[in-house]
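Next come the chains, spelled out residue by residue.
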Amino acid sequence: MSDETAIPEPANPLNGSPPGERTRRPRTILVLGGGGMRGFAHIGVIRAIERLGLVIDEVVGTSMGAVMGGLYAAGHASEAIETAANEISIKDYLKLNLVKFLVRGYGHASVYKGQAFRDFLGKNLPQRSFEEMPRPFFCNALSLTRGHMRYFGMPGDVHVPVADAVYASACLPGVFEPPRIDDDWFIDGGMAECLALKIAHARKPDVVIAVDLTAIDHHTPVPFRATLPHILFQTYAIMGSVLNEHALHRYADEKVVLIRPKVHKVGVLAQPDTPEVVRLGEREALEALTTNALTRYLCDPHVVREVDRTIRKPRDYVHLDVDLSRCIHCGICAVTCATNGYADVPFGSVVRKLHNYECTRDAACERACPTDAIRLHNI
């Protein structure tokens, strides 16, 4: 796909071109974040992209985002990806390593075998190297021995079989056995970088479409269960949310269209209602992509008009709200917000701009508020 692909566009406020003028299509990278079984929402995002006629030049994925992104970059349409994803059965994938535990006890590397997951990847991603992929694809995994992030698919690092790299990117520590690649061992890239915006920006695109699955409801406690899986998976969920908070602080700039499907109620490793999770991803993507100025004018205008009938306001604006009866004047929101959304004044922290605030949507202020006084709307 050439960067110089020309398309007729309506008047575009980003480049000032008049209606009908042919312009250069912006080079676009799709970044799919981690989130366990919430990653089925990525299928819906891909379906929305197909429906809107958007062209993706490169794909970056982490953890389950690497699984779904790898399938998409390999040339599979959303329908085929959903069919393949339906093969992912938690019952089959999370088979205990009982024999090894009986023999080696805590000397074993993981709770579950992971072989069924490896077999699934090998079947659906048979490419022996990243050079065989129809569309450029990158995924990240964390080295256990050196502590650095490895980006498979980058120049000079394309020789690894794609299925092996994706397994490494999605290898939750303690859940699946870490793979050995080039005399190193790797775990889930989401343990340090759940939404790989860094590598996406390094590729110097014009537009980044980023899908964050780590958003959580900071105002509704998750019931505690005294089980190892619950504690592990809830820890991973919280950690992913905090990591993405920092990533969005730094990299959610004017090039990024952020999509955050409302899938926080789906467990990280719980068997999802696939059609419903896919629907949530598609709906959120349609709203975000048709209201953001970076992508709206690249979308099929017929679909844009159809989606417009159901949207109340643009999704790239956030309403910030502080309950001053709860505010204790600590000023944490003012120092936390990446875009100066709050002012720390003598009578309490207040919002600088009451309406249509250009927020990074990382929800850091909401999570950091010690008195639960902040609410973010339209996020």
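Residues numbered from 1 in each chain as written. Predicted model: local features only at pLDDT ≥ 70, side-chain atom pairs only at ≥ 80, totals over all residues. Heavy atoms only, no water.

Draft legend 1. Structural view of the pairing of strand β5 (residues 137–143). Judged by how many residues are buried, β5 sits mostly within the fold: seven of seven residues are covered. Here strand β4 (residues 58–61) runs beside β5; their pairing, made up of three bridges, is parallel. Across the sheet, residue G61 finds its bridge partner in β5, namely C139. The pairing of β5 with strand β6 (residues 149–152) spans four bridges and is classified as antiparallel. Across the sheet, N140 pairs through a bridge with Y151, a residue of β6. Linking β5 back to β6 in an antiparallel pair, the connection comprises five residues, with G147 at a positive phi of about 75°. Taken together, the three bridges between β5 and strand β8 (residues 184–188) define a ladder with antiparallel strand orientation. Its bridge partner lying in β8, S143 is registered against F186. (Buried < 20%, exposed > 50% of the residue type's maximum accessible area, 1.4 Å probe, protein only. Helix = DSSP H or I, 4+ residues; strand = E, 2+ residues; numbered from the N terminus. Pairing = 2+ DSSP bridges.)

Draft legend 2. Region of the structure containing the pattern of salt bridges. Using the criterion set out here, one finds 20 salt bridges in the structure. Ionic pairing is found between R279 and E276, a salt bridge with its closest N-O pair at 2.8 Å. On the criterion of helical spacing, the pair formed by R279 and E276 is a turn pair, its members being three residues apart in helix α10 (residues 274–291). Overall, the relative accessible area of 42% leaves R279 in the partly exposed class. What makes E276 partly exposed here is its relative accessible area of 32%. Between E287 and R283 there is a salt bridge, with the nearest N and O atoms lying 3.0 Å from each other. (Salt bridge = Lys/Arg side-chain N within 4 Å of Asp/Glu carboxyl O.)

Draft legend 3. Structural detail: empty space enclosed by the protein. Counted under the stated rule, the structure contains three cavities of 30 Å³ or more. Forming the boundary of the second largest cavity are 15 residues, of which C327, C330, C333, C369 and I374 lie nearest the centre. The set of elements that each furnish at least two residues to the lining of the second largest cavity consists of α13 (332–336) and α14 (364–368). (1 Å grid on protein atoms, 1.4 Å probe; cavity = no way out; pocket = protein on both sides within 12 Å on 5 of 7 lines; lining within 4 Å. Points joined across faces, edges and corners; volume = space filled by probe spheres on them.)

Draft legend 4. Local environment of helix α2 (residues 64–73). Across the ten residues of α2, ten count as buried, placing the element largely inside the fold. Every buried residue belonging to α2 is among M64, G65, A66, V67, M68, G69, G70, L71, Y72 and A73, and all of these are buried. Phi turns positive one or two residues past the end of α2, at G75, with a value near 105°.

Draft legend 5. Quick peek at the nonpolar core. Core analysis: the largest hydrophobic core is formed by 97 residues, its most contacted members being L30, V31, L121, F137, F152, V166 and L289. One finds L320, V351, A363 and C369 within the second-largest nonpolar core, a separate group that totals 18 residues. (Core = buried A, V, L, I, M, F, W, Y, C linked by side-chain atoms within 4.5 Å.)

Draft legend 6. Focus on the pairing of β8. Taking burial as the measure, the five residues of β8 include four buried ones, the bulk of the element. Here strand β7 (residues 180–181) runs beside β8; their pairing, made up of two bridges, is antiparallel. By the bridge assignment, R180 is partnered in β8 with W185.

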